[in-house]
Amino acid sequence: MDYKKAGVDIEAGYKSVELMKQYVKGTMRPEVLGGIGGFAGAFSMEAVKGMEKPMLLSGTDGVGTKIKLAFLLDRHDTVGIDCVAMCVNDVVCAGGEPLFFLDYIACGKNYPEKIAAIVKGVAEGCRQAGAALVGGETAEHPGLMPEDEYDLAGFAVGLVDEKDMITGQEIQEGDVLVGLASSGVHSNGFSLVRKVFDMTRESLDTYYEELGATLGDTLLTPTRIYVKALRAIRQAGVTVKGCSHITGGGFYENIPRMLPEGIHAQVEKDSYEVPAIFKLLQEKGGIEEQMMYNTYNMGLGMVLAVDPADVDKVLEAARAAGETPYVVGRCRTGEKGVTLC
């Protein structure tokens, strides 16, 4: 008896590391110390010297049951982008600049090419965020997970000067809400998605005219990463008063999270075009509108609160960063919460 016969293939683990190195190298920042494969990732903190009160920010998340679609379609190079996005988008909501990322892959059996494809996606997400992939772990769990399945999670660490943190405390009546378009469903609400649509290869390979793509391609579209947009807005001289990452809980849970007491957000539903995938999901599932906005991003991955005088600069900077921004509402005096009208 040996470890391989017990279900853990150490040699496959070595091969996975070798295959993923080419992707990891592309995420390196000057602050990264040492090479790939050490016991800990080292990152220089020289950047804090220019800050008055440097603050570390962190975010951790996974991909959720969206990963089931990757299994069905045998496509594993995009869920890593989702994993990074879910973490770094939270960090930038507080005004932070993501510095580095680590991932954790648990699998029933280590198939090196599959693991490398997952890490390729993680590395692409890091590249989009400007964060270094400084480490990770691939754990083989025979008997705990099916051999052809895996789970993926990670966490990001960012940096911000305390004076530049986005806290929401300065939001006041009359401030404008600007939404940044999402790329689709992102990585939340897939337990409901999987109840509405048949989770078969045939169903996912079905082409829908209204989507302009197959159902599987549409649903596997990676979560949008907003790091560059928030950086561009900041560099345009705009103070973002509040920032909400629209994840699980949709509008109703996430927008109030950025509001101070005594401020109510009013969002106009017809101020932007809701993507076709949400309309199809609602129709096929017979889902009430309130539940859609309480579960999904409905086409807006980020909502910012800014001074009315800064709106044009925000829109211009967001577009220059490759985003599609919309003026979607305003803040008013009232009970902390959000109203869709």
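All figures in this text were calculated on a predicted structure; none of them were measured in a lab.

Enquirer: Just checking my understanding: could you explain the sheet that holds strand β7 (residues 176-181) for this structure?
Expert: Hydrogen bonding along the main chain pairs the strands of a sheet, whether they run parallel or antiparallel. Pairing within the open sheet is mixed, and its six strands lie in the order β10-β12-β7-β13-β11-β14. Every other strand in the sheet has two partners, leaving β10 (242-245) and β14 (337-340) as the edge strands with one partner each. Averaged over neighbouring strand pairs, the angle between their axes works out to 25° when direction is ignored. Across four bridges, strand β11 (residues 263-267) lies against β14 in parallel orientation. Bridge assignment links Gln266 to a residue of β14, and that residue is Thr339.

Enquirer: What am I meant to see in the sheet that holds strand β5 (residues 132-140) here?
Expert: If you walk across this open sheet you meet the four strands as β3-β6-β4-β5, and the pairing is mixed. The open sheet terminates on both sides in strands that have one partner only, identified here as β3 (54-62) and β5. With direction set aside, neighbouring strand axes in the sheet form an average angle of 15°. Where strand β4 (residues 97-107) lies against β5, eight bridges are found, and the strand directions are parallel.

Enquirer: Even after reading the chapter, I still don't get the environment of Glu124, so can you show me in this structure?
Expert: Relative to the assigned elements, Glu124 resides in helix α4 (residues 112-129). Under the relative-accessibility criterion, Glu124 is labelled partly exposed at 26%. In this structure the C-alpha to C-alpha distance between Glu124 and Tyr23, which are 101 residues apart in sequence, comes to 7.9 Å.

Enquirer: What should I look at first to understand the environment of Lys163 in this one?
Expert: The topology assignment puts Lys163 in the loop between β6 (150-161) and β7. For the pair Lys163 and Tyr23, spaced 140 residues apart in sequence, the C-alpha to C-alpha distance is 35 Å. One polar contact links Lys163 to Asp164, side chain to side chain, over a distance of 3.4 Å.

Enquirer: Please explain the pattern of salt bridges as it appears in this structure.
Expert: Counted by the stated rule, this structure contains 17 salt bridges. Lys53 is paired through a salt bridge with Glu162; the nearest N and O atoms lie 3.7 Å apart. Here the residue Lys53 occupies a position in the loop between β2 (42-43) and β3, and Glu162 occupies one in the loop between β6 and β7, the gap between them amounting to 109 residues. According to the relative accessible area criterion, Lys53 is exposed, its value standing at 51%. What makes Glu162 partly exposed here is its relative accessible area of 36%. Salt-bridge contacts for Asp310 lead to Lys313; the nearest nitrogen and oxygen are separated by 3.6 Å. You can call Asp310 buried: its relative accessible area is 14%. Given the relative accessible area of 35%, Lys313 is considered partly exposed.

Enquirer: Explain unusual backbone geometry here, please?
Expert: Excluding glycine, most residues fall at negative phi; most peptide bonds, likewise, are trans. Notably, Asp74 is not glycine yet its phi reads approximately 55°, a positive angle. For Asp74, the position within the fold is in the loop between α2 (67-73) and α3 (79-93). Asp74 sits in the exposed class, given a relative accessible area of 54%. Residue His186 is not a glycine yet carries a positive backbone phi of 60°. Checked against the element boundaries, His186 lands in the loop between β7 and α5 (190-196).

Enquirer: Can you walk me through α3 in this structure?
Expert: Helical periodicity: at 3.6 residues per turn, an α-helix aligns residues three or four positions apart in one direction. In this model, α3 (15 residues) spans 21 Å end to end at C-alpha, consistent with the 21 Å of a helix rising 1.5 Å per residue. The buried count for α3 comes to 14 of 15 residues, which makes it a mostly enclosed element. Of the residues flanking the end of α3, it is Gly95, one or two places downstream, whose phi is positive at about 95°.

Enquirer: Looking at this model, I keep getting lost on the packing of aromatic side chains. Mind explaining?
Expert: Applying the stated criterion across every chain, the model contains five aromatic pairs. Where Phe71 meets Tyr150, the ring centres are 5.0 Å apart and the plane angle is 75°; that geometry is what we call edge-to-face. One end of the pair, Phe71, is in helix α2; the other, Tyr150, is in strand β6, with 79 residues separating them in the sequence. You'll find Phe71 and Tyr150 in the same group, each marked buried. On the basis of an interplanar angle of 45° and a centroid distance of 5.8 Å, the ring pair of Tyr272 and Tyr326 is categorised as tilted. Taken together, the residues span a long stretch of sequence, with Tyr272 in the loop between β11 and α10 (276-285) and Tyr326 in strand β13 (residues 325-333) at a distance of 54 residues.

Criteria and thresholds
- Residues numbered from 1 in each chain as written.
- Predicted model: local features only at pLDDT ≥ 70, side-chain atom pairs only at ≥ 80, totals over all residues.
- Heavy atoms only, no water.
- Pairing = 2+ DSSP bridges.
- Helix = DSSP H or I, 4+ residues; strand = E, 2+ residues; numbered from the N terminus.
- Axes fitted to C-alpha atoms, helices over the stretch in contact; angles between N-to-C directions.
- Buried < 20%, exposed > 50% of the residue type's maximum accessible area, 1.4 Å probe, protein only.
- Polar contact = N/O pair within 3.5 Å; in protein donor to acceptor, adjacent residues only side chain to side chain.
- Salt bridge = Lys/Arg side-chain N within 4 Å of Asp/Glu carboxyl O.
- Expected span 1.5 Å × (residues − 1).
- Phe/Tyr/Trp six-rings, centres within 6.5 Å; stacked < 30°, edge-to-face > 60°.

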